[in-house]
Protein chains: 2
Amino acid sequence: MTNCIIASTSTIHGSKPLEYLREALLELYSGIDEILFIPYARPGGITHDEYTSNVNIAFNKINKKTVGIHTFSNPAEALKNAKGIFTGGGNTFLLVDQLYRNKVIEPLKNAIHSGTPYLGTSAGSNICGLTMQTTNDMPIVYPPSFKTLGIVPFNINPHYLDPDPNSTHKGETRETRIKEFHNLDPQPVVGLREGSWLNVKGQEVLLKGKLSARIFEQNKTPYEVEPESALSNLN
Amino acid sequence: MTNCIIASTSTIHGSKPLEYLREALLELYSGIDEILFIPYARPGGITHDEYTSNVNIAFNKINKKTVGIHTFSNPAEALKNAKGIFTGGGNTFLLVDQLYRNKVIEPLKNAIHSGTPYLGTSAGSNICGLTMQTTNDMPIVYPPSFKTLGIVPFNINPHYLDPDPNSTHKGETRETRIKEFHNLDPQPVVGLREGSWLNVKGQEVLLKGKLSARIFEQNKTPYEVEPESALSNLN
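Because the structure is predicted, anything quoted here is derived from the model rather than measured. (Residues numbered from 1 in each chain as written. Chains lettered and ligands numbered in written order. Predicted model: local features only at pLDDT ≥ 70, side-chain atom pairs only at ≥ 80, totals over all residues. Heavy atoms only, no water.)

What about the packing of aromatic side chains?
Alright, step 1. On inspection of all chains with the given rule, the structure shows 20 aromatic pairs over all chains.
Alright, step 2. Between Tyr20(B) and Trp197(B), the ring centres sit 6.0 Å apart and the planes meet at 65 degrees, which makes this aromatic pair edge-to-face. Highlighted residues: Tyr20(B) in the loop between strand 1 (3-7) and helix 1 (22-28) and Trp197(B) in strand 8 (residues 197-201), separated in sequence by 177 residues.
Alright, step 3. We classify Trp197(B) as buried; its relative accessible area is 12%.
Alright, step 4. Judged by centre distance (5.0 Å) and plane angle (85 degrees), the ring pair of Phe37(B) and Tyr51(B) falls under edge-to-face. Taken together, the residues span a long stretch of sequence, with Phe37(B) in strand 2 (residues 34-38) and Tyr51(B) in helix 2 (residues 48-60) at a distance of 14 residues.
Alright, step 5. For Phe37(B), a relative accessible area of 0% translates into the label buried.
Alright, step 6. In textbook terms, an aromatic cluster arises when at least three aromatic residues are bridged by ring pairs, as seen for Phe93(A), Tyr142(A), Phe146(A), Phe93(B), Tyr142(B) and Phe146(B). (Phe/Tyr/Trp six-rings, centres within 6.5 Å; stacked < 30°, edge-to-face > 60°. Helix = DSSP H or I, 4+ residues; strand = E, 2+ residues; numbered from the N terminus. Buried < 20%, exposed > 50% of the residue type's maximum accessible area, 1.4 Å probe, protein only.)

Here is the structure:
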């Protein structure tokens, strides 16, 4: 049974990485000591080793350790054997490119569908949607496709940001960008604010955290849903 | 001789579209009555006709009219015959996708290199760089390539936005995103603030407007350049 946490961000303001997710992670990874970490998104261009080591510090606090997928000669096999998986944030284009180039899109999808507990944050959450086309990231690399895992039947916009009513900036707001997406594509988009996450258990998708999420459906006015709302029928 | 205005935005706060560029446009399009308009970026998903008609209002104020490239059965020929060209903003992925699919990347490049006066704003400026990989836009469509016109020997980040020192948001700042780009690609990036533009005359590239621009070079600390600075040697 699919068992995932799809989080807007790894870190919320004034708190250490993953700290706000502590209880949820203890439940997700219950009975699991070692987590397979996917560092492909490489925030700030740090090495895969550095990124894995940073993540390890956060996981040690809940008495777990992480091992980077890049240390395995057969990453598909590593995913198959993993007891738990975590994909961290960074650049979604880079992450998706590396998932395709290392031929692990299908193995990752299969592992998640077969019930391996999965945590995604930011870019690692974005890939749980149908496509990566509602990422906020810069296209620093050209991936073979924008299609992603489709663990949930919609797209995700992590780090969702409300328009600033005092802004004089003429760049598009997040809402405008998602509206542009809906001029071409029909799938709904869940704008997940920092501190929110989705809990996926089998077919059930629940909004968690203290904040509401903003839902964008084609040809509809965007609307808010409250924590504990089911999003399973959003498709 | 190449003759371009590459502007961060079409519109600055408190002013009408293109108003702040009035004098520069009168010089750029001197002696030209009709401008070929490329509406492919379609901001907000409006039709090509609607977008062209909106732009026409702004151009009427300087006694010029615009005609949309989408009204020609042979857009490559239309570019060849154009006396002046303007590519408006919207979504850069959509613009680049349409330029490729309508087979006008080369014709547009040739027209600009042969001296047809060109104005780009926002997405229409982004495409004047080597690649579109420092756009701020959402990847709402998968273009055949990220390679763009290379009118200037660097990349452009339009609507450049300084980090907000009071922000508690954990999404990447513009500077962090460009740093991520430089982990993979060597070409410099010019962060053009709203109200700034580049004046390209042959090999000469000058920063115009009242604001400084922020220059990003691989393995260097980002720095500011003042208006009237030459950027021709940035490559």
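What follows continues from the structure just given.
A few points about the sheet that holds strand 8 (residues 197-201) of chain A
Picture the strands of a sheet paired through backbone hydrogen bonds; they go either parallel or antiparallel.
Residue and element names in this part refer to chain A.
Alright, step 1. Taking strand neighbours across the sheet as the criterion, the seven strands line up as 3-2-4-5-1-8-9 in an open arrangement whose pairing is mixed. The sheet is open, and its two edges are formed by strand 3 (65-68) and strand 9 (204-208), each paired on a single side. Taken pair by pair, the neighbouring strands of this sheet meet at an average axis angle of 20 degrees, ignoring direction.
Alright, step 2. Bridging between strand 1 (residues 3-7) and strand 8 involves five bridges; their strand directions are antiparallel. For Ala7, the partnering residue across the bridge sits in strand 8 and is Trp197. (Pairing = 2+ DSSP bridges. Axes fitted to C-alpha atoms, helices over the stretch in contact; angles between N-to-C directions.)

Section: the sheet that holds strand 7 (residues 189-191) of chain A
All names here are of chain A.
Alright, step 1. With mixed pairing, the four strands of this open sheet are ordered in space as 6-7-10-11. With one partner strand each, in any of the chains shown, strand 6 (155-157) and strand 11 (223-225) form the two edges of the open sheet. Averaged over all adjacent pairs, the angle separating strand axes in this sheet is 30 degrees, with direction ignored.
Alright, step 2. Examined bridge by bridge, strand 10 (residues 213-216) and strand 11 share three bridges and lie antiparallel to one another. The partner of Ala213 across the bridge, within strand 11, is Val225.

Concerning the relation of the copies chain A and chain B
Alright, step 1. Superposing chain A onto chain B requires a rotation of 180 degrees together with a translation of 0.0 Å along the rotation axis, leaving an RMSD of 0.0 Å. Each copy turns onto its partner about a two-fold axis.
Alright, step 2. Comparing interface residues between copies, 100% of those in chain A also lie at the interface in chain B; the contact surface is shared. (Least-squares fit on C-alpha atoms with pLDDT ≥ 70 in both. Contact = heavy atoms within 4.5 Å.)

Re the pattern of salt bridges
Alright, step 1. Evaluation of the coordinates by the stated rule reveals 26 salt bridges over all chains.
Alright, step 2. A salt bridge links Arg214(A) to Glu175(A), with the shortest nitrogen-to-oxygen separation between them at 3.1 Å. Here Glu175(A) lies in helix 7 (residues 174-182) and Arg214(A) lies in strand 10, a separation of 39 residues in the sequence.
Alright, step 3. Note that Glu228(B) and Lys208(B) form a salt bridge whose closest N and O atoms lie 3.1 Å from each other. Of this pair, Glu228(B) sits in the segment after strand 11 (223-225) while Lys208(B) sits in strand 9 (residues 204-208), and the two are 20 residues apart along the sequence.
Alright, step 4. Among the residues examined, Glu228(B) registers a relative accessible area of 47% and is labelled partly exposed.
Alright, step 5. Connected through salt bridges with shared partners, the residues Asp162(A), Glu175(A), Arg193(A), Arg214(A) and Glu224(A) form a single ionic network. (Salt bridge = Lys/Arg side-chain N within 4 Å of Asp/Glu carboxyl O.)

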